[in-house]
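Topology and contacts: notes
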Amino acid sequence: MSNAAHRLLWTVVALLLTALGGTGLAVSLGRLPGADTPLLGAGLLGWWRAGAPWSALAVVVGGVLLALLGQRLLARELRVPGRLAGTLVHGDGGGRTRVDSGVLTGALERDLLREPGVRRARVVLTGPTGRPDFWVEVHLDPRARTAAVRAHVDAAVRRYAATVDCRPAHLDVTALLDG
């Protein structure tokens, strides 16, 4: 399914659940006509009353199991193949190399901190492993020369891309002055 189809499916499911919950709330508050009749049929209501202490527990257990199932389904839907999910994987015929993306971003942050004008650096990678988006935030000394910092950031990103063999699809650099 495409992303648009998934969004449409989950929107329909959310609207149905909201309508069901709103209807149940309106009935319980007596806002709908016929609120004095039970929502459950006579047979189901008799079954509910017969299992008095255990029927509520069965509903709670069922609800928890449905919530866990929904959480797993949502986690699977949010996982997109080919995105950086904590590990960068390279495979060239003979084998595969797996590197934690935290190690890679930490290396780039340390490289950025080698410039004397940079006090702190933070790097986030998002997107496909071959062409990720780079989000770089550097905190600068107020006396730092911005041209030197810009050249250093550019060189550090080029070194990183050559080392890891991935070209940035988008590079966003935010420079903040430390006061």
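Please refer to the structure placed before this passage.
Residues numbered from 1 in each chain as written. Predicted model: local features only at pLDDT ≥ 70, side-chain atom pairs only at ≥ 80, totals over all residues. Heavy atoms only, no water.

In terms of nonpolar packing, the biggest core is built from 19 residues, with Leu108, Leu112, Val138 and Tyr160 touching the most fellow members. Within the residue set of this core, elements represented by two or more residues are α4 (101-112), β3 (118-126), β4 (133-140) and α5 (146-164). Setting aside residues no more than four positions away along its own chain, Leu108 makes contact with Val123, Phe134, Ala156, Val157 and Tyr160. (Core = buried A, V, L, I, M, F, W, Y, C linked by side-chain atoms within 4.5 Å. Buried < 20%, exposed > 50% of the residue type's maximum accessible area, 1.4 Å probe, protein only. Helix = DSSP H or I, 4+ residues; strand = E, 2+ residues; numbered from the N terminus. Contact = heavy atoms within 4.5 Å.)

We now examine the side chain of Glu115. Within the secondary structure layout, Glu115 lies in the loop between α4 and β3. Here Glu115 is buried and forms no salt bridge, its nearest opposite-charge partner Arg145 lying at an N-O distance of 6.9 Å. Not counting the four nearest positions on each side in its chain, Glu115 is found in contact with Ala148, Val149 and His152. (Lys, Arg positive; Asp, Glu negative; His and termini not counted. Salt bridge = Lys/Arg side-chain N within 4 Å of Asp/Glu carboxyl O.)

Tallied over the entire structure, the rule returns six salt bridges. Linking Asp178 and Arg120 is a salt bridge whose minimum nitrogen-to-oxygen distance equals 3.2 Å. Of the two residues, Asp178 is situated in the segment after β5 (170-177) and Arg120 in strand β3; the sequence distance between them amounts to 58 residues. On the basis of relative accessible area, Asp178 is assigned to the buried category, the value being 13%. Residue classification places Arg120 among the partly exposed positions, given a relative accessible area of 46%. As a salt-bridge pair, Arg158 and Asp154 come within 3.2 Å of each other at their nearest N and O atoms. Remark: Asp154 and Arg158 occur in helix α5; sequence separation between them is four residues, near one turn of the helix.

Its 19 residues place the ends of α5 27 Å apart at the C-alpha level, agreeing with the 27 Å of an ideal helix rising 1.5 Å per residue. Among the residues of α5, Val149, His152, Val153, Ala155, Ala156, Val157, Tyr160, Ala161 and Val164 are the ones counted as buried. Among the residues trailing α5, Asp165 stands out with phi positive, at a value near 60 degrees. (Expected span 1.5 Å × (residues − 1).)

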